[in-house]
Amino acid sequence: MSISPPIGKEPGALLDDRSREIFRRIVEGYLENGEPLGSRSLSRVLPMSLSPASVRNVMSDLEELGLIYSPHISAGRLPTQIGLRFFVDAFMQVGDLPAEQRASIDRQIGPVSGREQPIEGLLTEASRMLSGMSRGAGLVLTTKSDAVLKHVEFIRLEPTKGLAILVGDNNQVENRIIELPAGITSSQLTEAANFINAHLAGQTLPELRTQLLEQKSELQAALSTLAQDLVTRGLAVWSGDNEEGKLGRLIVRGRSNLLEGLAGEEDIDRVRLLFDDLERKDNLIEVLNLAETGSGVRIFIGSENKLFSLSGSSLIVAPYRDDENRVVGAVGVIGPTRLNYSRIVPMVDYTAQIMARLAGKRR
């Protein structure tokens, strides 16, 4: 398992053993309970003998480096975003996923679950599982895939609106609303569907559309003008030419976890901003871009990722690939900056491996 940090500046100063130990204790205390750690408390738990005054001097040096800060006058210290990034890169040790957690993931979405379910159900299950195990919000994103179809049917809903029913080769059914050409009749709907079904032959819709565009004369001879319009117009819509169709699906479960333990109005406002970010579909592809530009699990702390920069949330994300090594989705966990990074990283990594295997099976 590899972890890819975003490209950026690390603190330039080398810390001595005393400074490193004090810094590590401050960060670990923050990750555990979110509370600032003061010099008196630190002096009691350090392995070396240091007075509170000496600890304060070291903390002052760490503060000048931008690694820690004091949230209030006379308060203890908390890590800054730069400090958290430095801790993750220089101190954090990531081990293997415990056997019981690996077994839990396998039972819910993995090969031993023994369940064959539609992709939407699989994504929901993976997102819910990540949320439950991390106590953050589980995120699963997949690109829009082009399924091989075996049957298409049209049903009229309104004079200019219809329902297209698409059945994939794995018996998945997808329903899409399409605009009907003015004046289309039920017999022409049947005619268009029969023509498409006769030419499917194990193709995806984009492949079929390309083939029919190359055979315009055959299309014109075989179909009436209105049915021909329905075929070409419908295939253009189905093939995912619009930008929204290219974004695929995003499923987030466990948003209520992000509200637990919030006391201040500022924290609640941050979570509200995060929810707003999650609702903006035009920004969601950024998650895939973040995951793809690097190998392994990536950790983004606070403003390091543009998507959740306003809410100051952290994102741990990993891409998953199909059999041809193309990135087809991403899995991850969103939460406050004091996430338990060392525990969640292997969890996200293993889930991405499972999703990759499942994505390969469904091709």
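Here the structure is a predicted model, which is why all the values come from computation and not from measurement.

(A) Seen up close, the packing of helix α1 (residues 17-33) against helix α4 (residues 81-90). In contact at an axis separation of 11 Å, α1 and α4 are set at 105 degrees when each is read in the N-to-C sense. If you check the angle between α1 and α4, you find them roughly perpendicular. Packed against α1, whose contacting residues are Arg-20, Phe-23, Arg-24, Val-27, Glu-28, Tyr-30 and Leu-31, the element α4 presents Gly-83, Leu-84, Phe-86, Phe-87 and Ala-90 at the interface. For the contact of α1 with α4, the per-class residue count stands at eight nonpolar, one polar and three charged.

(B) Molecular detail of a negative patch on the surface. A surface patch of negative charge is lined by Asp-16, Asp-17, Asp-61 and Glu-64. The topology assignment puts Asp-61 in helix α3 (residues 52-64). Look at Asp-61 and you get partly exposed, because its relative accessible area is 45%.

(C) Region of interest: the sheet that holds strand β5 (residues 149-158). The antiparallel open sheet is built from three strands, whose spatial order is β5-β6-β7. In this open sheet, the two edge strands, each paired with only one partner strand, are β5 and β7 (173-179). On average, each strand axis in the sheet is tilted by 20 degrees relative to the strand beside it, whichever way the strands run. Note that strand β6 (residues 161-168) and β7 share seven bridges and pair antiparallel. Considered in β7, the bridge of Gly-162 is made with Ile-178.

(D) Up close: the pattern of salt bridges. Taken as a whole, this structure holds seven salt bridges when the rule is applied. The shortest N-O distance in the salt bridge between Arg-85 and Asp-89 comes to 2.9 Å. Highlighted residues: Arg-85 and Asp-89, both in helix α4, separated by four residues, approximately one helical turn. Residue Arg-128 is joined to Glu-125 by a salt bridge in which the shortest nitrogen-to-oxygen separation is 3.6 Å. A residue pair is termed a helical-turn pair when its members lie 3 or 4 positions apart in one helix, as Arg-128 and Glu-125 do in helix α6 (residues 119-134) at three residues. With relative accessibility at 17%, the residue Glu-125 sits in the buried group.

(E) Inspection of helix α7 (residues 186-200) at higher detail. Given a rise of 1.5 Å per residue, 15 residues ought to cover 21 Å, and the 21 Å separating the end C-alpha atoms of α7 matches this to within 8%. Burial in α7 covers these residues: Gln-188, Leu-189, Ala-192, Ala-193, Phe-195, Ile-196, His-199 and Leu-200. Relative to the axis of α7, the buried residues are bounded by an arc of 160 degrees and lie together on one face. The exposed set on the far side of α7, more than 90 degrees from its buried face, consists of Ser-187 and Ala-198. Downstream of α7 by a residue or two, Gly-202 has a phi angle that is positive, lying close to 75 degrees.

(F) Quick look at the side chain of Ser-314. In this fold, Ser-314 is placed in strand β10 (residues 314-321). At 2.8 Å, the side chain of Ser-314 and the side chain of Tyr-341 are in polar contact.

(G) Representation of the packing of aromatic side chains. On inspection of all chains with the given rule, the structure shows four aromatic pairs. Centroid distance Phe-23 to Phe-86: 5.7 Å. Interplanar angle 45 degrees. Geometry classified as tilted. Here Phe-86 lies in helix α4 and Phe-23 lies in helix α1, a separation of 63 residues in the sequence. Accessibility assignment for this pair places Phe-23 and Phe-86 in one class, buried. Measuring from ring centre to ring centre gives 5.8 Å for Phe-87 and Phe-91, while their planes differ by 10 degrees; the resulting arrangement is stacked. Across the pair, exposure class does not vary: Phe-87 and Phe-91 are buried alike. Site record: aromatic cluster; members linked through ring pairs are Phe-23, Phe-86, Phe-87 and Phe-91.

Basis of the calculations
- Residues numbered from 1 in each chain as written.
- Predicted model: local features only at pLDDT ≥ 70, side-chain atom pairs only at ≥ 80, totals over all residues.
- Heavy atoms only, no water.
- Axes fitted to C-alpha atoms, helices over the stretch in contact; angles between N-to-C directions.
- Helix = DSSP H or I, 4+ residues; strand = E, 2+ residues; numbered from the N terminus.
- Parallel < 35°, antiparallel > 145°, perpendicular 65-115°, else oblique.
- Contact = heavy atoms within 4.5 Å.
- Nonpolar A, V, L, I, M, F, W, Y, C, P; charged D, E, K, R; others polar.
- Patch = residues over 30% accessible without salt bridge, like charges linked within 9 Å, V, L, I, M, F, W, Y side chains within 5 Å.
- Areas by Shrake-Rupley, 256 points an atom, 1.4 Å probe, with all protein chains shown as cover.
- Salt bridge = Lys/Arg side-chain N within 4 Å of Asp/Glu carboxyl O.
- Lys, Arg positive; Asp, Glu negative; His and termini not counted.
- Charge placed at Lys NZ, Arg CZ, Asp CG, Glu CD.
- Buried < 20%, exposed > 50% of the residue type's maximum accessible area, 1.4 Å probe, protein only.
- Pairing = 2+ DSSP bridges.
- Expected span 1.5 Å × (residues − 1).
- Arc of directions from axis to C-beta.
- Polar contact = N/O pair within 3.5 Å; in protein donor to acceptor, adjacent residues only side chain to side chain.
- Phe/Tyr/Trp six-rings, centres within 6.5 Å; stacked < 30°, edge-to-face > 60°.

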